[in-house]
Amino acid sequence: MRGLLTKRSGKAGLPPGTLVHIGEARTGPLRLRLTEYDAAGCEERNLASAAECLPPTDGGKVYWLDVGGIHHVQVIEQLGQAFHLHPLMLEDIVNTDQRPKADVYDDCLFFVVKMLHVADKEATIHVEQVSVVLGPRFVLSFEENGGPAFEPIRTRLKNPKGRLRNSGADYLAYALLDAIVDHYFGVLEILGERIQALEQELIRDPGPATLRTIHEVKRELLFLRRAVWPVREMINVMERGETDLIQDTTKVYLRDVYDHTIQVMDTLETFREMATGMLDLYLSSVSHRLNSVMKVLTVITTIFMPLTFIAGIYGMNFDYMPELKWQWGYPSVLLAMLFIGSVMFWIFKRKDWL
Amino acid sequence: MRGLLTKRSGKAGLPPGTLVHIGEARTGPLRLRLTEYDAAGCEERNLASAAECLPPTDGGKVYWLDVGGIHHVQVIEQLGQAFHLHPLMLEDIVNTDQRPKADVYDDCLFFVVKMLHVADKEATIHVEQVSVVLGPRFVLSFEENGGPAFEPIRTRLKNPKGRLRNSGADYLAYALLDAIVDHYFGVLEILGERIQALEQELIRDPGPATLRTIHEVKRELLFLRRAVWPVREMINVMERGETDLIQDTTKVYLRDVYDHTIQVMDTLETFREMATGMLDLYLSSVSHRLNSVMKVLTVITTIFMPLTFIAGIYGMNFDYMPELKWQWGYPSVLLAMLFIGSVMFWIFKRKDWL
Amino acid sequence: MRGLLTKRSGKAGLPPGTLVHIGEARTGPLRLRLTEYDAAGCEERNLASAAECLPPTDGGKVYWLDVGGIHHVQVIEQLGQAFHLHPLMLEDIVNTDQRPKADVYDDCLFFVVKMLHVADKEATIHVEQVSVVLGPRFVLSFEENGGPAFEPIRTRLKNPKGRLRNSGADYLAYALLDAIVDHYFGVLEILGERIQALEQELIRDPGPATLRTIHEVKRELLFLRRAVWPVREMINVMERGETDLIQDTTKVYLRDVYDHTIQVMDTLETFREMATGMLDLYLSSVSHRLNSVMKVLTVITTIFMPLTFIAGIYGMNFDYMPELKWQWGYPSVLLAMLFIGSVMFWIFKRKDWL
Amino acid sequence: MRGLLTKRSGKAGLPPGTLVHIGEARTGPLRLRLTEYDAAGCEERNLASAAECLPPTDGGKVYWLDVGGIHHVQVIEQLGQAFHLHPLMLEDIVNTDQRPKADVYDDCLFFVVKMLHVADKEATIHVEQVSVVLGPRFVLSFEENGGPAFEPIRTRLKNPKGRLRNSGADYLAYALLDAIVDHYFGVLEILGERIQALEQELIRDPGPATLRTIHEVKRELLFLRRAVWPVREMINVMERGETDLIQDTTKVYLRDVYDHTIQVMDTLETFREMATGMLDLYLSSVSHRLNSVMKVLTVITTIFMPLTFIAGIYGMNFDYMPELKWQWGYPSVLLAMLFIGSVMFWIFKRKDWL
Amino acid sequence: MRGLLTKRSGKAGLPPGTLVHIGEARTGPLRLRLTEYDAAGCEERNLASAAECLPPTDGGKVYWLDVGGIHHVQVIEQLGQAFHLHPLMLEDIVNTDQRPKADVYDDCLFFVVKMLHVADKEATIHVEQVSVVLGPRFVLSFEENGGPAFEPIRTRLKNPKGRLRNSGADYLAYALLDAIVDHYFGVLEILGERIQALEQELIRDPGPATLRTIHEVKRELLFLRRAVWPVREMINVMERGETDLIQDTTKVYLRDVYDHTIQVMDTLETFREMATGMLDLYLSSVSHRLNSVMKVLTVITTIFMPLTFIAGIYGMNFDYMPELKWQWGYPSVLLAMLFIGSVMFWIFKRKDWL
C-alpha cells in the first residue's frame, strides 16, 4: 500500500492547469495502445508517439486510446491539445493523489478511479490511479503503469457478437469502470482471509504481534475505504449529470456497478466492525491473562506466607519455648503446616482460582 | 450463518450478464412449481423442465412459477429468454451474494431479499437468497434450496374467499415479501433469548466463554443488520418507483411490511446496544475481580509481613539479647503478634476489604 | 418495564389482517365507555357489548368510544366492521408490540402511541399501548388495560366553557395524545431522581451494585427512547398528511405536543450521556481503588522486605560473625532497622503514597 | 447551573393553555419597563401594573415592553388578553423549562432563548429564559428575574443617530437576540479558561479531583449545548418563516447572529472533544502510575527475595554445614549477597525500571 | 497554533457593525499594495494611506488592493466608506476569530478563510485570517500580517500570456483562494511526517511523552479541521450564490478548489483515525508492559517463596529434628531446593512467561 501522503506541496504557487506529475516516481516506458472497432471489425495497434494520436474524424468507429505511463507529462500535454481537453482535467490526470470523482465537461465526461490489485496472495495491495475521458466517439484511458486489468476487455472486443462490439463509446467506458470495480472483490477476499486468520490467532495464541496485525488491517481498511467511498458519488454524477454522452441503455449497467460499489463498501464496513471487535477481544484477553498471573501470585503468596511465618516463630531463640522441648513438636508443626496449606488450596480450588 | 465472504473474484473480467452461480456450492435438484389461479380456481403442478415454462398468454389468471435450486444456471438462462428478462437481472438471481434491492425495469419489477430461518432452537441461523420478478400477470420466485417459507402462501391460495385469490400478481409478490419479513421476527426471538441467557450468565458466572459468546452475538447482529437494513430502501423503491405494476390497494400492504422492517431494525439496534452494554459489564466484572484478587494478596501480605519480621528479629543470634532470657518473652511476643494481626484485620474489615 | 421482545412468531404465515392478540397475556374485563358531547351537553355511559356501538349518524355531536381490553379480539373485529376500519388497522390495534406511528387512510386517521406511567415512585415503569382512530365525527381509543390517563379529559369534558367541548373530534384526538405525552414528563422526573441518587452513590460509595444500576438505567433509557422517538415522526405525519380531518386551529396544538416530544427526547439524550459519564466515572474509580490497593501492598513490602532481610542475616549460624559477640550489636541493629523503616516511610510520604 | 430537570408533572392533565409557572421558585417583584421611541425621540418609564400596558394605537413609534418576573402569572395573562396572544404562547412564556424555539403566528413572531451569564469569574453559569414577542409595531420581552443583559440596548436607544433608533420593531427584536448570543462568548471564555487550567493540572498533578472536574465540565458543556443548539434552527425559522414582520435589511443581521451561534456551537464541540481527550489522558496517567508502583514493588521483591533466601539457608540448623565453620564464610556470603543485589540493580537500571 | 479562544467578550453590548479588532495583538505597520492590470499591462505600487484608495472608475482594468495589518481599524473603516462595504462585512474583517464563510451581498461577494503556513519544519503551524471582497471590477484582500502566500500570484501577474492577466476580477479572487488552499497541503505533509515519526516511536520506545505528543497532534488536527471544514460550504455558496460576479468559466476552477478542500478534509479524517489507532496501540503497549512486570514479580515470588519456606523449616529450633542430625541432610535439602527451583523455572518456561 502506498505511503501516507504524496508530496504535493511542490506545486503550491503554480497556476492551475500546470502539469506536474505528483506521486510515486515511475520510470516505465510510455505505452500508447489504440483500438478502433465497430460491429464489423476491431483493429488494435501500438503507437510510437503522441503525434500519431489524432481524434477520430469519421463518426463510425469507437476509438479507444489506452495510455500507460502518465509520468510522461509532455505526452499528456500533446494529447490534451489534440483532443481539446481542459487544462484542469490534464492536471488531474497526472496527479496520482486524486480522489475518485467524475466531472462533466461540455463535450466530454471525465472520471478518476483507483484500481486495486494484488500481485500474489502474500503481496501487499497495489493502488494505481486510472483516469478515463469519454468523448462523443472516443475513450481515452490513462494508467500509471498499466496493469493487466484491461486485458479481459481486449479479449471481449475480439468477440464480434459481444455487446461491447455492438455498443458505443459509453459502454466501453462503463466496461473499464466495471473491470476496475470487479477487482475490488479480489482485494476484499484477501482481506477477508487475513481477518479470518487473525481470528484464529486471537483464539489460539494472541500476542503483541496479533495486535500490530489488527492495526495494520484497520489501517488498510481505512485506505481502501478512502479509495472506494467516493466511487458511489462518482457514479451518481455520471448517471444524473446533464450529459447525453451516456445512453439510457448503458445507465442500467452503471446502476449495476453502483450496486457492486455499495456491496464493497458494505463489506468494508463489516470488516471494520470486525476489526474493532477483535481489538476488544485482544484487550480483554490481555486483561484476562493479567488476572490469571495475579491469581498465581496470590495463591503462592497466600499459601506460603503463613507457613513461613510459623517456621519463623519456631526459629526464634527464646530460652523458654516449651514446644521446642516437646518430643512431638516438630512433626506436629509439620502436620499443622500441611493442614493449613491444604485448607488454603481447597479454598482456592473452590473459588475456582486454580 | 454463512461465512464471511463469498468467492466472487472468479467472475472478474467476464462481461456483465454472464451467468455464474456465486455462493455456497449447492447440489439440490431443480424444482419448478407452477401455480395458476384466479378467483374461480387454483391449479398447482410441478414442471419437469424449463422448456415447459411459458409466459402466460391469456390475461385472466395469475401465473406463479417458484424455482428452487438457482445453481441450475442453464435453467435460469432458459427462463430468462422465455420471459424476456434483462441479463443483469439473471446475473443477480444466480449471485447469492447480492445485497437486498429492488430494480424497476420497463415491464417488470425485480427484488432480492434474504430469507432468514432457524431449523431448530439450538441451530444456527440460515440465510437464503430469494429473488422475485413481478410481471404484468406473472410472478417468478427463485430460491436457493427452497425452504418452507412459502408453504403458508400455498395454503392460503387454496381458500377461494381469501384476499390472495381475489387480487392480482402484485398482491402475490407482496405476500411473498411479507412471508419472508415475518420470518425475521422468529430469528429475533431466538436472538433475544440468547441475549437474555447471556445476561443471566453475566450475573451468575462470567468467564472468557461469555465474552466469546457476546462477540459471536454481536457478529451475528452485524450480519443480520446487513441483510435487513437495505429492505427498507427496497420497499421505498417499490412503493415510489415509476411503475404501474403495483396497485394502490397493494401499496397500503407494502407500507405494512415497511413498518415491520423498521420494527426489526429497531429491535436489532436495541440488541446491539444491549450487547455493547454487556461487553462493558463483562469488562468491569473482570477488573472488579482483579481488584478483589489484589485485595486478598494485599491483606495476606500486610498481615504476615510484620509478623514474620518480628519472628525474624527474635531468630537473630546476638549474644546479648535480654528479651530472649526473659521468662515471659515468648508468650509476650506471641501476644504482641496476635494483637498486631488483629489490628490489621480490624483495619481491613473497616476498609471493607474483607 | 416489559420484557425484551414480545412473542410474535406465532403469527408468521397468517394472512395480513388476521387478528391475533400479541403481547402480555391480559385477563381484564372488556370496558366500553361511550361519551357523546357538543357545546350544549355531554353524555357518558358504559356499553355492555360491541353490538351497541354504532357509528354516529347525526353529524352534530362528537362521539368518543374508549375501549379497554384489546385482548377481546372478537369485539375489536365487530367494531372494525361497524366503523369500516381497514383490516391492517385492526391488526395493529391488537398487536401491542407496535412501533408508534400514524397512518392516514381515506376516511380516517390512525395513530398508535405508548403510554408510560408509574404506579408509585418505587415501582417500575409501565408501558401500555394506546391506539386512536379519528373519523369525521368520532374518535375510537383502544387501551390495553385502561389506565387513569384519560380521566382528566373526562373531567374537562364536564366543563361547558372548555375548549374541548367547543371543538371537534380532531381536538379530542389531540387532547388524548397530549395527555399521553404529558405523562412522559412524570416518568422523566422519576428517572432524573434515580440518576441523581446514582450520582450521589458514585461519590459516596461506588460498588458493583452501582454499576448494575447504571446499566439498568441505561437499558430503561434505551426502551423509553424506542417508545418516544417515533412519536416525532408520527406527529409530522398527522400535521402534514393529506387529510382534512385535522383543522388548522388544531394543528397549532399538535405543534405544541411536537415541541413537548422533542423536549422529552432531548432530556432522554442528556440522561443517556450522563449515564455514560457515570459509567466512565465508575470505571476510573475502580482503577483508582486498584491503584491505592497496590500502593498499600508496595509500601508494606518495601518497608518490611529489607528489615526482614537484615534479621535474616543475623539469624545465620556462622561461627565467626563478630557483630553477634559485640555487646551493642542487638540495639544497633534495631536502631538501624528503625532508621531504614523511617526513611522508607518518609519517602512514601513525600511521594504522596500514604 | 440549574438542576437536572424541572418539575413539570404537576401540569399533567391540565388543558393546554393553562398558565402554570414551571421552574425555580422566584420571589422577585414584578417589573414593567415601557420604552417608546422613533427617530425623533425615546421615552422610557416604569409601569405599575399590567392594566397600564396597552397595545400601541398610533403606528408611528416602536413600543417595547420589558417584563421582569414571569412568575407573576396573572400579569402575563392580562398582557396576553391586551395583546391578543395565543394561549399556548403564554403557556410557553411562564414555563421556564422551554427549549429555544421560534413560532410564527398569524400576526406575531414568538421566540424563546436561554440567556447565559456569569456573575463573577468563580461563580457558576446562570441560565435564564427570555421570551420575545414581535408584533407589527411592538416588542414584548419576558425575563425571569431581569438581568443586566438588555442595559446596553437601552443605552444605544439614547443615541438618536444609531441604527436602532432609525429602524423598526424587527431590528429591536434582533438586537435583543444579538445581545443574548453575545453573552454566550463570555461564558465560553470562562469555560475555556477552566479547561486550560485543567490541562495544566493534568500535566502537573492529576488526581481524582481532576477527574471529577473534567466530568463537571463535560456536564456543563452538555447543558450549554442543549441551550445553544436549537438557536440555529430558531433563527432559520425566523429568517425563512412566512411572515413580513421581519424586513430584508434586518435579515442580513439575523444571518450575522446565525454565524455567531454556529461559532459558539463549533467552540462547544471543540471543548467537548478536548474534555474527552483530557479524560483519556487522565486514565492513561492513572495506568502509567499503576505501572510505576508495580515496578517499585517488583524491584524490591526481586532484589530482596533471593538475598533473604540465602540468609535463610545459612540460618538452618543442620549439624553438618561446612560453610558455617569456615572462617571466611560470613564475609563471603555478605559479598555474594552484595554482588547479587548489584547485578539485579544493574539489570533493572538497564531495563529502565529505575 | 493560536490559543484556545480569542477574547471576544469585550464586544458584548456594542451595536453590530462596531469595528473592534479581535484577536492576537499585532503591531505590524500598515501595508497597502495596489495592483492594476489588464491584458495590456500590469502596474503595482504601494499606497501611503487609505485616502489614496479610490474605487476604480474606468471599467477596463482589474483593481486589486491588498491590505496588510487589519488592526489598523480606522483604515479599514475609511476603505469601507470608499467602497461602500456593509458594516457587518467590516466587522467580520477586523474580527480574526471568524469562521470561514462566504456572504453574497447585493453588489459584492465576501469570503473569509484561514491561511495556514509553517515557517520551517520544526516550527508550529501559523494561522492567519484572510478576507477577500470581490466587486464588479475590483478585489480587496485583507491579511493580518501579510505572509508570503500571495507572492506567486504577483509573479504570475507579470506574465502577459497567463490566464490571470487575461481574466477578470473573479479569476483573481479564485487565484487567491487557490493559493491559500494549496498551502494546506504543505501543512498536511508536515503533520503526516510527525505522525509517521510517532508511529516509529510507538514501535521502538513508547513512553508518556509519546502519549502527550499523540494528544497534541490530535488537538492540532481538531483545530485544522475547524479551519478547513467550513471552506467546503463556503465554496458552495460562492458557486451557487445568486450573483453574476463569478463567471461560468471561473466556476470550473472553483470546483477544482472544492475538490482540493475535500482532499484535505479526507486526509485530516484519515489522520484523526490514525491518531486514535495510535492511542489504542499506546494503551495496549502500556498494559502489555504491566503484564510483563507482573510476570517477573510472579516468577520471582513463586520460585523463592517455597525455597525460603524450606529454609525456614530447617531453621526451627526443635530439639528433636532427626534430619538436622543426619550427615547428608544439608546437601539433600540443597539438592531438593535446586530441584524445586528448576521445576518452577521449567513450568514458567513452558507457560512462556520467561
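Residues numbered from 1 in each chain as written. Chains lettered and ligands numbered in written order. Predicted model: local features only at pLDDT ≥ 70, side-chain atom pairs only at ≥ 80, totals over all residues.

The next subject is the overall build of chain A. The helix and strand tally for chain A stands at eight helices and seven strands. Against the globule reference of 20 Å for 354 residues, chain A gives a C-alpha radius of gyration of 34 Å, more extended than a compact globule. At a minimum sequence separation of 6, the contacts of chain A that also span at least 24 residues come to 70%. (Helix = DSSP H or I, 4+ residues; strand = E, 2+ residues; numbered from the N terminus. Rg over C-alpha atoms; globule rule 2.2 N^0.38 Å. Contact = placed C-beta atoms within 7 Å.)

Glancing now at the packing of helix α5 (residues 208-240) of chain C against helix α6 (residues 248-313) of chain C. When two helices pack together, you describe them by how their axes are tilted relative to each other and by the distance separating the axes. Residue and element names in this part refer to chain C. Running from amino to carboxyl end, α5 crosses α6 at an angle of 160°, the nearest separation of the two axes being 9 Å. Taken as axis vectors, α5 and α6 run roughly antiparallel relative to one another. Crossing hand, α5 versus α6: left-handed. Here the contact of α5 with α6 is composed, by residue class, of 22 nonpolar, two polar and six charged. (Axes fitted to C-alpha atoms, helices over the stretch in contact; angles between N-to-C directions. Parallel < 35°, antiparallel > 145°, perpendicular 65-115°, else oblique. Left-handed = near helix turned anticlockwise from the far one by under 90°. Nonpolar A, V, L, I, M, F, W, Y, C, P; charged D, E, K, R; others polar.)

For the match of chain A to chain E, the screw axis carries a shift of 0.0 Å, the RMSD comes to 0.1 Å, and the turn is 72°. Overall, the copies show the geometry of a five-fold rotation axis. In terms of proximity to the rotation axis, the leading residue of chain A is A:G315, whose C-alpha is 4.7 Å off the axis. Here only 20% of the interface residues in chain A have copies in chain E that are interface residues too; the copies meet through unlike faces. (Least-squares fit on C-alpha atoms with pLDDT ≥ 70 in both.)

Let's shift gears to the interface of chain A and chain E. How big an interface is tends to be stated in terms of the accessible area lost upon association of its parts. Between chain A and chain E, the residue contacts involve 45 residues of the former and 54 residues of the latter. Elements with a minimum of two residues in the side of chain A that touches chain E: α5 (208-240), α6 (248-313), α7 (322-325) and α8 (329-350) of chain A. Of the residues assigned to the side of chain A that touches chain E, the class counts are 24 nonpolar, 11 polar and 10 charged.

Residue and element names in this part refer to chain E. Over its 22 residues, helix α8 (residues 329-350) extends 31 Å from the first C-alpha to the last, a length consistent with the 32 Å expected when each residue adds 1.5 Å. Contact partners of the buried residues in α8: α6 (248-313) and α7 (322-325). Looking one or two places after α8, you find D352, whose phi comes out positive at around 65°. (Expected span 1.5 Å × (residues − 1).)

Moving on, we come to the sheet that holds strand β1 (residues 31-37) of chain A. Residue and element names in this part refer to chain A. Taken in spatial order, the seven strands make up an open sheet running β2-β1-β3-β7-β6-β5-β4, and their pairing is mixed. Strands with a single pairing partner mark the edges of an open sheet, and in this sheet they are β2 (42-47) and β4 (101-104). On average, each strand axis in the sheet is tilted by 20° relative to the strand beside it, whichever way the strands run. One ladder, built from five bridges, connects strand β6 (residues 125-134) with strand β7 (residues 138-143); its direction is antiparallel. Across the sheet, the residue bridging to L134 is V139, located in β7. (Pairing = 2+ DSSP bridges.)

This part takes up the pairing of strand β5 (residues 109-118) of chain D. The side chains of a regular strand alternate between both faces of the sheet. Residue and element names in this part refer to chain D. Burial of β5 is extensive: eight of the 10 residues sit out of reach of the surface. Pairing analysis gives four bridges linking strand β4 (residues 101-104) to β5, with the strands arranged antiparallel. Residue pairing across strands places A102 opposite F111, the latter belonging to β5. Between the end of β4 and the start of β5, which pair antiparallel, lie four residues. Pairing of β5 with strand β6 (residues 125-134) involves 10 bridges; the strand directions are antiparallel. When the sheet's bridge partners are listed, V112 is paired in β6 with S131. (Buried ≥ 20, exposed ≤ 12 C-beta atoms within 10 Å, placed from the backbone.)

Attention now goes to the domain arrangement of chain A. Partitioning chain A into structural domains gives domain 1 (9-283) and domain 2 (293-350). Distance from the C-alpha centre of domain 1 of chain A to the C-alpha centre of domain 2 of chain A: 76 Å. (Domains from an automatic or database assignment.)

Residue and element names in this part refer to chain D. If you walk across this open sheet you meet the seven strands as β2-β1-β3-β7-β6-β5-β4, and the pairing is mixed. Bordering the open sheet on either side are β2 (42-47) and β4, each of which pairs with just one other strand. The sheet shows a mean angle of 20° between the axes of neighbouring strands, direction not considered.

Now for the packing of α6(C) against helix α6 (residues 248-313) of chain D. Across the interface, α6(C) lies against α6(D) with an axial gap of 9 Å and an inter-helix angle of 20°. It follows from the interaxial angle that α6(C) and α6(D) lie roughly parallel. The hand of the α6(C)/α6(D) crossing is left-handed. In the contact of α6(C) with α6(D), the residues fall into 19 nonpolar, 13 polar and three charged.

On to the environment of C:T210, then. All names here are of chain C. With respect to the helices and strands, T210 occurs in helix α5. For T210, a count of 18 C-beta atoms within 10 Å translates into the label partly exposed. Placed 101 residues apart in sequence, T210 and L109 show a C-alpha to C-alpha distance of 46 Å. Once residues within four sequence positions are removed from consideration, T210 is found in contact with L198, E201, L202 and Y282.

What follows is about unusual backbone geometry. All names here are of chain B. The phi dihedral of H84 is positive, around 55°, even though this residue is not glycine. Mapping H84 onto the fold places it in the loop between α1 (73-83) and α2 (87-94). The exposure class assigned to H84 is exposed, which follows from the 12 C-beta atoms found within 10 Å.

Residue and element names in this part refer to chain A. In this sheet, strand β3 (residues 62-68) lies alongside β1 in antiparallel orientation, the contact comprising seven bridges. Note that in β3 the partner of L32 across the bridge is V67. The pairing of β1 with β2 spans six bridges and is antiparallel. Across the sheet, the residue bridging to Y37 is C42, located in β2. Turn length for the β1-β2 hairpin, with the two strands adjacent in sequence and antiparallel, is four residues.

Along the chain, E:K101 falls in strand β4 (residues 101-104). Of the residues examined, E:K101 has 19 C-beta atoms within 10 Å and is grouped as partly exposed. As for E:K101 and E:A50, which are separated by 51 residues in sequence, their C-alpha atoms are 26 Å apart. Not counting residues within four places of it along the chain, the set of residues in contact with E:K101 comprises D:D259, E:F111, E:V112, E:P230 and E:M234.

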